[in-house]
Amino acid sequence: MKKISKFISVILALVLTLSVFALNVSAAVVVPEIKIEPNRAAAHIGDVITVSVTAPANSKLCSLNFDLIYDESDFEFIEAVAHNVFELEALNPTLSNHAIRYVGVASDYIGNEAVTFFTAKFRVLDNCRDMYVVVNEAHVIDASGKQVNVTMDANILSNPVVIHQAENENVIVAPTCLETGFKTYNCPCGKFVEEVTPAKGHTYVGGACVDCGAGAPAEITTVYIQEPSATTIRSEDGIILHAIVQGNMTGKTLSWSASDDKCFDIDISGNDITIISKKKGTTTFTVSIYDADGQVVSRASIEMESKAGFFDRIGGFFRKLFGTNVIYTN
């Protein structure tokens, strides 16, 4: 009896230790600071400004929903666009708290560089007014690589930004196509503002820049495959592979191909390919962009494994029978 009691005590202690460890892992999950940045520090009344919402590098951010808060008496909302890894699911500029509500879905993880995933344009109606971001909910990756839902209870994760009104501007250095400029001005609120003005960028007409004469670069179109959540798929489960295109697709076509059509059932729809595991083995899926002459412009590949051995197929049969098989979206 003593040995059995001692054994049970050891097991209970181990379970308690693992529970505490799991709690510590969850507690370590931190939602990264979401930053809001205007494209200019000051604007005259009537000017249009663009504000960007950015996630820092290595933030392990999957998706989130947030409100961009502003006062309708100070800013007139014009439009908003989602960028890069996020897709726009909901956008409501008419909430009672004067917020643009945004829900990010089907997103990728933030990598080694900061990513601007949302921009909005406003017309300035008054000076020295601020706006800020409230994050309502976020999905992040914890230390073990597991996706965790974090409810923020409307904690503000962004310092408010103030758009000053520029008066008595003094241009110190004018911006060029490639170099930034510098100017100073006073604001009616009493603040003396020093601002770095962005480079103008080239304006190409007839293949050359009208300001500096630089030749227009050759147009580049590239494609890559969004990193999937898994590269090994069990029998009757599937995943949707997304092809992300950067650049102009005018006169070009996108095409998917597979090194083996026996391991997976395949369904192609636009830039996406849905694959469902059927037979054990590996298949390389390739997405290519062709120009009007049939020449390859860009190409990307990924190897996927179908885990469909004898016992896997039996399990897959019953999962499909009871509707518990899964097709992952990323």
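Because the structure is predicted, anything quoted here is derived from the model rather than measured.

Calculation criteria
Residues numbered from 1 in each chain as written. Predicted model: local features only at pLDDT ≥ 70, side-chain atom pairs only at ≥ 80, totals over all residues. Heavy atoms only, no water. Salt bridge = Lys/Arg side-chain N within 4 Å of Asp/Glu carboxyl O. Helix = DSSP H or I, 4+ residues; strand = E, 2+ residues; numbered from the N terminus. Buried < 20%, exposed > 50% of the residue type's maximum accessible area, 1.4 Å probe, protein only. Contact = heavy atoms within 4.5 Å. Phe/Tyr/Trp six-rings, centres within 6.5 Å; stacked < 30°, edge-to-face > 60°. Pairing = 2+ DSSP bridges. Axes fitted to C-alpha atoms, helices over the stretch in contact; angles between N-to-C directions. pLDDT = per-residue confidence, 0-100. Core = buried A, V, L, I, M, F, W, Y, C linked by side-chain atoms within 4.5 Å.

1. Remarks on the pattern of salt bridges
Within the structure shown, the criterion is met by 6 salt bridges. Arg-123 is the salt-bridge partner of Glu-76, the closest N and O atoms lying 3.2 Å from each other. Separated by 47 residues along the polypeptide, Glu-76 in strand E4 (residues 75-82) and Arg-123 in strand E7 (residues 115-124) bring together distant segments of the chain. Measuring nitrogen to oxygen at the nearest pair gives 2.9 Å for the salt bridge that ties Lys-278 to Glu-236. One end of the pair, Lys-278, is in the loop between strand E21 (272-277) and strand E22 (281-290); the other, Glu-236, is in the loop between strand E17 (232-234) and strand E18 (238-246), and 42 residues separate them in sequence. Salt bridges here are not isolated pairs; linked through shared partners, they connect Glu-236, Asp-265 and Lys-278.

2. Details of the side chain of Ser-52
Inspection of the secondary structure assignment puts Ser-52 in strand E2 (residues 48-55). For Ser-52, a relative accessible area of 18% translates into the label buried. With residues up to four places along the chain from it excluded, the contact list for Ser-52 reads Lys-35, Ile-36, Glu-37, Thr-116, Phe-118 and Thr-119.

3. Comments concerning the packing of aromatic side chains
Enumeration according to the criterion identifies 4 aromatic pairs in this entry. Note on Phe-75 and Phe-122: the rings are 6.1 Å apart at their centroids and 70° apart in plane angle, and the pair reads as edge-to-face. Taken together, the positions of Phe-75 in strand E4 and Phe-122 in strand E7 put the pair 47 residues apart, joining distant regions of the chain. For Phe-122, a relative accessible area of 0% gives the class buried. Where Phe-77 meets Phe-122, the ring centres are 5.9 Å apart and the plane angle is 65°; that geometry is what we call edge-to-face. Here Phe-122 lies in strand E7 and Phe-77 lies in strand E4, a separation of 45 residues in the sequence. The structure contains a cluster of three or more aromatic residues connected by ring pairs, namely Tyr-70, Phe-75, Phe-77 and Phe-122.

4. Observations concerning the sheet that holds strand E23 (residues 296-307)
By way of backbone hydrogen bonds, the strands of a sheet pair with one another, either parallel or antiparallel. Spatially, E17-E23-E22-E19 is the arrangement adopted by the 4 strands of the open sheet, whose pairing is mixed. Lying at the two open borders of the sheet, with one neighbouring strand each, are E17 and strand E19 (253-258). In this sheet, neighbouring strand axes are inclined to one another by 25° on average, regardless of whether the strands run parallel or antiparallel. Where E17 and E23 come together, 3 bridges link them in parallel fashion. Residue pairing for E23: Arg-234 is matched across the bridge by Lys-307.

5. Comments concerning the confidence of the model for the protein chain
Per-chain confidence: the protein chain averages 74 in pLDDT, with 71% of residues scoring 70 or above. Highest mean pLDDT in the protein chain belongs to E19 (92); lowest belongs to helix H1 (residues 2-27) (42). Considering only residues more than four positions removed or in separate chains, one finds that residues 6-28, a stretch of pLDDT under 50, has 2 contacts.

6. Re the pairing of E22
Pairing geometry for E19 and E22, over 6 bridges, is antiparallel. Bridging from a neighbouring strand, Thr-253 pairs with Tyr-290 of E22. Count of turn residues in the E22/E23 antiparallel hairpin: 5 residues, of which Gly-294 carries a positive phi of about 85°.

7. Some remarks on the nonpolar core
By size, the foremost hydrophobic cluster in this structure holds 25 residues, and its most contacted members are Phe-66, Leu-68, Phe-117, Phe-122 and Met-131. At the level of secondary structure, the elements contributing two or more residues to this core comprise E2, strand E3 (61-69), E4, E7, strand E8 (129-141) and strand E10 (161-163). For this core, the element with the most residues is E7, which contributes 6 residues. Within the second largest apolar cluster, 17 residues are counted, among which are Ile-233, Leu-241, Ile-275 and Ala-300.

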